[in-house]
Amino acid sequence: MPKLTSIQKKYVLCFALLLVVGESLQLLSSDITHLWDAPTFFYPCLIIGWGITVGRRITHKRLRHLMNYLIVMMVMLFVVRLCKYAVFGNMAAVNRAVYYISIDIELVIAGGALLISYLIGTAENEKLDPFCMAVIFTNIGMMLLVSTNELHRMLYTFKNFDDGDYETQYGVLYYIVMALVFVQLLASAVIMIRKCSISAIRKYWYIPVLPMMIGLVLLAIYYISGGSPDISGVKIYNYQEVFCGAIAMMFECGIKIGMIPSCSGYEGMFRRSHINAAVVDKDNEYRYQSLNYDSDIDRENIRISEKAISGGKVIWMENLETIYGLNGMLSDAVEIVEAENTLIEKENAAKEESSRYEAQNRLYNSIAYFSNSKLRSIDKELFAKYDSEEEFKRHLSKSLVIGSYIKRRSNLTILAAENSSICLDELLLSINESMSYMRLYGINCMVHTTGDGIREKMLPSDLIISLYDVFQEVTEAVMDHANNIMVNVRNGGKVTFKMSADADMPDAAIRCRDTVDRVIGADSLSLAVDNTDRAIDTDDNQLYKNDPAEENDIAAGRTNIDVNEIAADRSNRDINNIIAVLFRKIDISEEDGIVTILLEAECSEEVTV
């Protein structure tokens, strides 16, 4: 709990002494006739004094207004008590109305205490939630029932009125109303405990709750005793003092521990502040001034500003001499910078042009890098010695397949350099063009697509290139022994690439697995590296060779590729930080002489690598 300042300690001591005086007056009023009404006048004055401090301290607008209404109702409760027992004692109709007004005020105070407890920690302009509205309408309903007691007689029944002496009988509504008041006070205490438990002051939760709990115990004793308890005929306390005092002390303790936002000493803070300002009223009379305020100051470099506030306006002065000096220095600096801007712009343009040429060169180098081995394959096919013209034409068709791959792969590389994602239709067009030459080679082939809008789906550029590389490398591996090749691309939340071939050779599955492992492993390991750097540094390919463990798996006929295991096996090569797994599932199987390669990538249109 924050330490109390000296002025706050004086306030606490003063209010404590006043409470002692009030209780003394309460005890003496039973024996001294002319002091009977003294507590009824004294306690409202004490509540008004506390209310003045509340209005100055509470910074939360809604809580401040609610507490002001609560304080007004507390004062009204004592005024009604005075009217009830001293002013209208012999006027039957008016006195009965005073009874009803007293109960209504108690409902307002209990409901207001519950609302204040509930609204602690909320925003000032936040709308009231259903709980607050339920509290308000419940109390209004009860007040209407109390005020219409003359119609239903469920609250009070007055009999044998003689010389101001009533015989009062309580109805069932009275006990309901008192129970509602008690429940609302208890609920406010419980809410205060809850508010403390979720804030930085949880260890002080008992401080605001203790006064309310003591008050509820005293009120329970009051109801059980059937009135004010007494010792040797001397009344110890009255209902109104305990009822209002418990609520006031609970909220005051909440203010002291910092649960209710408050601030004091505004005048001293304003007077000691370093700003040059003053507050004047509507008649231009100075109310508050800071120590630095001087209305006769030289105004050559001074800017005077003012803002209307409630009851007047605030005036403040700003010394702009330093700002004017800085502005002069800035204007000189701007002239120098503007003189250098032309040189900087030309230099930047030259650097930009150089960077563009370098990027193009790296791009072309990367295309030349992956095309080099394919061009050598074409040379091998074209310049080999063949026994017949048919054989030459067949190998010429194979060269056309490889040449189509070089063209389409170069096109995809250029697109990838400009875009992080490529439309899937580009992959399908590339595969279709390669298949047109594969048919000349004597292979029946077909591309089948499944899924809504699959051709317009955008996929990461590296994924498109990897799929095309897999298609080409597997085709070259099995095309000499295959009669049929089918490709199926499906979009069902996951992009699935399935390639099937009836390769008539015993090691078709192993060769396809080795090919896919080489292509996918190389692509996955190089995603974080710029493609152009990969084209220049050719020695990095040694990183992608199969290790002995992988070769043993191949020899054992293992056909499922676990990408996570591959990444783990290669972690000792200091490359695990650049692995980006494109494919969530890789499966290669062989059944009845048909090799099936299944690649599954899990990505959306927004995914980029």
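Residues numbered from 1 in each chain as written. Predicted model: local features only at pLDDT ≥ 70, side-chain atom pairs only at ≥ 80, totals over all residues. Heavy atoms only, no water.

J.: What is the right way to read the overall build of the protein chain from this model?
T.: Within the protein chain, the secondary structure is distributed over 18 helices and 15 strands. Burial statistics for the protein chain: of 609 residues in total, 40% are counted as buried. In the protein chain, the share of contacts with a sequence separation of at least 24, taken over all contacts with a separation of at least 6, comes to 67%. When the accessible surface of the protein chain is totalled, it reaches about 33,600 Å², and 57% of it is carbon and sulfur. (Helix = DSSP H or I, 4+ residues; strand = E, 2+ residues; numbered from the N terminus. Buried < 20%, exposed > 50% of the residue type's maximum accessible area, 1.4 Å probe, protein only. Contact = heavy atoms within 4.5 Å. Areas by Shrake-Rupley, 256 points an atom, 1.4 Å probe, with all protein chains shown as cover.)

J.: Explain the packing of helix H8 (residues 206-225) against helix H9 (residues 239-256) to me, please; I cannot follow it from the model alone.
T.: When two helices pack together, their arrangement is given by the angle between the helix axes and by the axis-to-axis distance. Running from N to C, H8 and H9 cross one another at 170°; their axes reach a closest spacing of 7 Å. Compared by their axis directions, H8 and H9 come out roughly antiparallel. On the side of H8, the interface is formed by Ile207, Pro208, Pro211, Met212, Gly215, Leu218, Leu219, Tyr222 and Tyr223, while H9 contributes Tyr239, Val242, Phe243, Ala246, Ile247, Met249, Met250, Cys253 and Gly254. Residue composition of the contact of H8 with H9, by class: 16 nonpolar, 2 polar and no charged. (Axes fitted to C-alpha atoms, helices over the stretch in contact; angles between N-to-C directions. Parallel < 35°, antiparallel > 145°, perpendicular 65-115°, else oblique. Nonpolar A, V, L, I, M, F, W, Y, C, P; charged D, E, K, R; others polar.)

J.: What should I look at first to understand the nonpolar core in this one?
T.: As a rule of thumb, nonpolar side chains are buried together in soluble globular proteins. Counting 68 residues, the largest nonpolar core has Val177, Leu185, Phe243, Ile247 and Phe251 as its most contacted members. Those elements that provide at least two residues to this core are helix H2 (38-57), helix H3 (61-87), helix H4 (92-119), helix H5 (130-147), strand S1 (156-162), helix H7 (172-197), H8 and H9. Of the residues forming this core, the biggest block, 13 residues, is contributed by H4. Residues Val474, Phe497, Ala508 and Ile588 belong to the second largest nonpolar core, which totals 49 residues. (Core = buried A, V, L, I, M, F, W, Y, C linked by side-chain atoms within 4.5 Å.)

J.: Mind showing me how you'd approach the sheet that holds strand S14 (residues 585-591) here?
T.: Sheets are built from strands paired through backbone hydrogen bonds, the pairs being either parallel or antiparallel. Strand order across the open sheet formed by 5 strands is S10-S12-S13-S15-S14, with mixed pairing between neighbours. Unpaired on one side and paired on the other, strand S10 (444-450) and S14 mark the two borders of the sheet. Put simply, the sheet's adjacent strands are angled 10° from each other on average, direction ignored. In the sheet, strand S13 (residues 495-503) pairs with strand S15 (residues 594-601) via 7 bridges, with the strands oriented antiparallel. Within S15, the position partnered with Ser500 by the bridge is Thr596. (Pairing = 2+ DSSP bridges.)

J.: Where do I start with the environment of Leu598 in this structure?
T.: Topologically, Leu598 is positioned in strand S15. Along the sequence, Leu598 and Asp587 sit 11 residues apart, while their C-alpha atoms lie 5.1 Å from each other.

J.: Where do I start with a nonpolar patch on the surface in this structure?
T.: Taken together, the side chains of Leu382, Phe383, Phe392, Leu396, Leu400 and Leu440 present a nonpolar region at the surface, about 550 Å² in accessible area. If you tally residues by element for the nonpolar patch, the top one is helix H12 (residues 389-418), at 3 residues. Structurally, the position occupied by Phe383 is in the loop between helix H11 (321-382) and H12. (Patch = residues over 30% accessible without salt bridge, like charges linked within 9 Å, V, L, I, M, F, W, Y side chains within 5 Å. Salt bridge = Lys/Arg side-chain N within 4 Å of Asp/Glu carboxyl O.)

J.: Help me understand the packing of aromatic side chains, please; the structure alone is not making it clear to me.
T.: Centre-to-centre distance and the angle between the planes together describe a pair of aromatic rings. Counted by the stated rule, this structure contains 9 aromatic pairs. Seen from their ring centres, Tyr174 and Tyr175 are 5.6 Å apart, and the 80° between their planes marks the pair as edge-to-face. Given a relative accessible area of 11%, Tyr174 falls into the buried group. Relative to Phe243, the ring of Tyr239 has its centre 5.6 Å away and its plane inclined at 10°; by these criteria the two rings are stacked. In this pair, Tyr239 and Phe243 both sit in helix H9, 4 residues apart, roughly one turn of the helix. The exposure classification of Tyr239 matches that of Phe243, with both residues buried. For the cation-ring pair, Lys195 lies above Tyr118, with the distance from its terminal atom to the ring centre recorded as 5.8 Å. Geometry around Tyr357 places Arg356 over its ring, the cationic atom sitting 4.9 Å from the centre. (Phe/Tyr/Trp six-rings, centres within 6.5 Å; stacked < 30°, edge-to-face > 60°. Lys NZ or Arg CZ within 6 Å of the ring centre and 35° of its normal.)

J.: Quick question: what am I supposed to make of the side chain of Thr515 here?
T.: Mapped onto the elements, Thr515 comes out in helix H15 (residues 508-525). The class for Thr515 is buried, based on a relative accessible area of 6%. In contact with Thr515, not counting residues within four places along its chain, are Glu473, Val474 and Ala477.

J.: Would you mind going over the packing of H12 against helix H13 (residues 424-440) with me for this structure?
T.: Orientation of H12 relative to H13, taken along the N-to-C sense of each, is 170°, at an axis distance of 8 Å. On the basis of the axis angle, H12 is roughly antiparallel to H13. Contacts between H12 and H13 involve Ser397, Leu400, Val401, Ser404, Tyr405, Lys407, Arg408, Asn411, Leu412 and Leu415 from the former and Glu426, Leu429, Ser430, Glu433, Ser434, Tyr437, Met438 and Leu440 from the latter. Its residues placed into classes, the contact of H12 with H13 shows 9 nonpolar, 5 polar and 4 charged.

J.: Would you take a moment to explain the confidence of the model for the protein chain for this structure?
T.: Note that predicted coordinates carrying low pLDDT should not be read in detail. On average, residues of the protein chain carry a pLDDT of 76, and 76% of them reach 70 or more. No element of the protein chain has a lower mean pLDDT than helix H16 (residues 531-536), which averages 37, and none a higher one than H5, which averages 92. Per-residue pLDDT stays below 50 along residues 522-580; that stretch engages in 81 contacts with residues further than four places along the chain or on separate chains. Considering only residues more than four positions removed or in separate chains, one finds that residues 604-609, a stretch of pLDDT under 50, has 10 contacts. (pLDDT = per-residue confidence, 0-100.)

J.: Got a minute to help me understand the sheet that holds strand S6 (residues 286-289) in this structure?
T.: The antiparallel open sheet is built from 4 strands, whose spatial order is S6-S5-S8-S7. Of all strands in the sheet, those bounded by a partner on one side alone are S6 and strand S7 (302-309). On average, each strand axis in the sheet is tilted by 20° relative to the strand beside it, whichever way the strands run. One ladder, built from 6 bridges, connects strand S5 (residues 276-281) with strand S8 (residues 312-319); its direction is antiparallel. Looking at the pairing, Val280 lines up with Lys313 of S8.

J.: For this particular structure, what's the right way to read the environment of Met438?
T.: Position of Met438 relative to the elements: it lies in helix H13. Residue Met438 is classed as buried on the basis of its relative accessible area of 0%. Residues Met438 and Ser399, spaced 39 residues apart in sequence, show a C-alpha to C-alpha distance of 9.9 Å. Aside from chain neighbours lying at most four places away, what touches Met438 is Val401, Ile443, Cys445, Phe471, Thr475 and Ile485.

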